[in-house]
Amino acid sequence: MADPGGGGGLGKERRRSPQGGPVSRLGVGGLLLAVIFPFLAGFHPYYLYLLGTGFLLASLASAWGLLAYAGQISFGHAAFFGVGAYTTALLALELGVTPWLGILIAGGAGALAALPIGAAAHLLRGAYLALGSLAYAELLRVLALNWTGLTGGGAGLIGLPGLHLGGELEFARERAGGYYLSLAVLLLALAVFALLRRSRVGLAWAAIREREERAQLLGVSPTRYKLLAFACSGALAGLVGALYAHAVRFIEPDLVFGRYFSILPLIMATFGGLHTLLGPPAGALVLYLVSELLFHPLLPRLHQLPYALALIGVVFFLPRGLAGLLGRR
Amino acid sequence: MSPAALVHSLAVGLVTGSFYAFLALAFALVLAITRVLNLAHGELVVLGGYIGYSLWKAWGLPPLLLVPLAALASLPLGAIWRGLLGRVREPVELNSLVLTFGLGLLLQNLMLGVWAGDYRLIAGDAAPPLALGGIALPRGRLLVAAISLGTVGALHLVLTRTRWGTALRATSLDPEAAGLMGINTDRASLTSFLLAAAIAGGGGVLFATFHYLHPAAGVELTLLAIALSILGGVGRLSGLLLGGLLIGVVEALALTWAGPEWRELVVAAIVLLLLLLRSRGLVAGRGH
């Protein structure tokens, strides 16, 4: 992988013209394709479900990538994802809160859940932050597993309400609704990241990533900007977790707090290209589709194999990921 | 908590703790000599357990014989790990974490493919527990503790009393200076990986005699090894052993007080706490 703490100046974060190069054109083409895909696929429920889930994972990878942009490598995004999922589930089941409000609150809860580990990033750097976030997600998983009075424990929570998209449309049953909603969340995640990248905040994040001491000398407070990065990333991850909960309509600690949702965004974003805007979602879609369409039918037990192989391959052969293949940063 | 329960918890904690120290030795040795944080450590242990389980099922070999066999069978993995991790770029700590995260996932998948997701246990003969001054401890667990302490002690002697051990320790202190003094640091690094693989493989068999094997069971072992490496200081076996005993006792007391379902939470909390307290880095003087 590209070294997050290594040298290199800020010069490489050049602003691009809106027309952009091949990557931007690919992005626009991909978006158009995504919008008309349901019509092309004849509203086939399986393919809409597949790609809709792909968009959610792509949003999660973007959330992870946003944090990595500030130089913070997380091994525990399942913590924020799981908090989001449990927040909306409990609000809906215990208090009868409408899922739409629940999802928004879940975003806030995800941000809150990210603050402790964001504060710890003041002390922990690089590998030690990675270890700390891993332990943090594990802590929350066991807490959710054992706090039976609140979370229902290992049995999980069943019967989550679906999302009513107006009229007869229903998030989980009517796949086209879920598909477009997931796409909208992905676009939201990308828009947030794109805007932040081009703002003072993005510059501060890049400065902290490239050389924290220097950034601090120049008057950028690493602690504050790290907290902000964790909050943004946690909010997005919480939002995605909440949508996932309403899509699957069943959650349990080992699923939403498990290592799966920590490993996947890390692998997908690294595979797509660290510090890029479109790399993480592209990596997510490619890996998820290869895993589900190729490996799942052929080797059902080994369908996570492409993730492991992709990560190992990227570390050795493609340090800048898919984005590196296209020659973009 | 009654005094008897307290004493029992302490005894159980010491027995388990010595096993933790033994397992963490594999993690700490590699970290000290190569700066590699092996997140697949727990998966290597579980894999050793599964290898032992298969041999036990196939030929009914006694667990004591399975330990060296699984250790031997794990050596090629040590060489592979060394081959892969020897080539990661700086910062080695973070990049090795990322790579071994992937390797751990790969191992989990392979174990799921070969042994399915079932829970497996190497069940020894059901000898009656050994009663020591009113505390009853299972013989199997005592044997595990004895093997653990024996290995840690033997390794301590090797590291402090032989030229070979001195070369390893010198490499862990300052690889460049060690290289200039004519120590083959590449060989030291390979040695650490092979030793670690053997310890993990053999330790896996011991683990499987009192804990159910499951492809995902390795996570907690990795967290424990991380905690011990922080607590004990890398490269100091006495620190590792003391840390292991301490964590074993803390865990046993927490379990008696709160119940066994909180075990993983205690481990994760200890890791977080230790990381925050010792945030300057695991390898003293090296930073990261």
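Residues numbered from 1 in each chain as written. Chains lettered and ligands numbered in written order. Predicted model: local features only at pLDDT ≥ 70, side-chain atom pairs only at ≥ 80, totals over all residues.

Participant: Help me understand the interface of chain B and chain A, please; the structure alone is not making it clear to me.
Facilitator: How large an interface is tends to be reported as the accessible area lost when its parts come together. Facing the 35 residues of chain B at the interface are 37 residues of chain A. A breakdown of the residues in the side of chain B that touches chain A according to their chemical character gives 23 nonpolar, 6 polar and 6 charged. (Contact = placed C-beta atoms within 7 Å. Nonpolar A, V, L, I, M, F, W, Y, C, P; charged D, E, K, R; others polar.)

Participant: Explanation requested: the confidence of the model for chain B in the structure shown.
Facilitator: The predicted structure's coordinates, where accompanied by low pLDDT, should not be read in detail. When pLDDT is averaged along chain B, the result is 83; 91% of the residues meet or exceed 70. Every residue in residues 281-288 of chain B is under pLDDT 50, and counting partners more than four places away or in other chains gives 17 contacts. (pLDDT = per-residue confidence, 0-100.)

Participant: Just checking my understanding: could you explain the environment of B:Trp164 for this structure?
Facilitator: With respect to the helices and strands, the residue B:Trp164 is situated in helix α6 (residues 163-173). Between the C-alpha atoms of B:Trp164 and B:Leu97, which are 67 residues apart in sequence, the distance is 28 Å. (Helix = DSSP H or I, 4+ residues; strand = E, 2+ residues; numbered from the N terminus.)

Participant: How should the confidence of the model for chain A be read in this particular structure?
Facilitator: Across chain A, the average pLDDT comes to 84, with 89% of residues at or above 70. Across residues 1-19 of chain A the pLDDT falls below 50, and counting only partners more than four positions away or on other chains, this stretch makes 30 contacts in the model.

Participant: Even after reading the chapter, I still don't get the packing of helix α14 (residues 305-317) of chain A against helix α4 (residues 92-115) of chain B, so can you show me in this structure?
Facilitator: Each packed pair of helices is defined by two parameters, the angle between the axes and the distance between the axes. Taken N-terminus to C-terminus, the directions of α14(A) and α4(B) make an angle of 150°; their axes are 8 Å apart at the nearest point. Taken together, the axes of α14(A) and α4(B) are roughly antiparallel relative to one another. Considering only the axes of α14(A) and α4(B), their crossing is left-handed. Contacts from A:Leu305, A:Tyr307, A:Ala308, A:Leu311, A:Ile312 and A:Val315 in α14(A) reach B:Asn95, B:Val98, B:Leu99, B:Gly102, B:Leu103, B:Leu105, B:Leu106 and B:Asn109 in α4(B). Residue composition of the contact of α14(A) with α4(B), grouped by class: 11 nonpolar, 3 polar and no charged. (Axes fitted to C-alpha atoms, helices over the stretch in contact; angles between N-to-C directions. Parallel < 35°, antiparallel > 145°, perpendicular 65-115°, else oblique. Left-handed = near helix turned anticlockwise from the far one by under 90°.)

Participant: Would you take a moment to explain unusual backbone geometry for this structure?
Facilitator: Across residues other than glycine, the phi torsion is negative in most instances, and most of the peptide bonds are trans. Residues and elements named next belong to chain A. Phi at His 275 is positive, roughly 70°, even though this residue is not glycine. With respect to the helices and strands, His 275 occurs in the loop between α12 (260-272) and α13 (279-298). Note on His 275: 25 C-beta atoms within 10 Å, which makes it buried. (Buried ≥ 20, exposed ≤ 12 C-beta atoms within 10 Å, placed from the backbone.)

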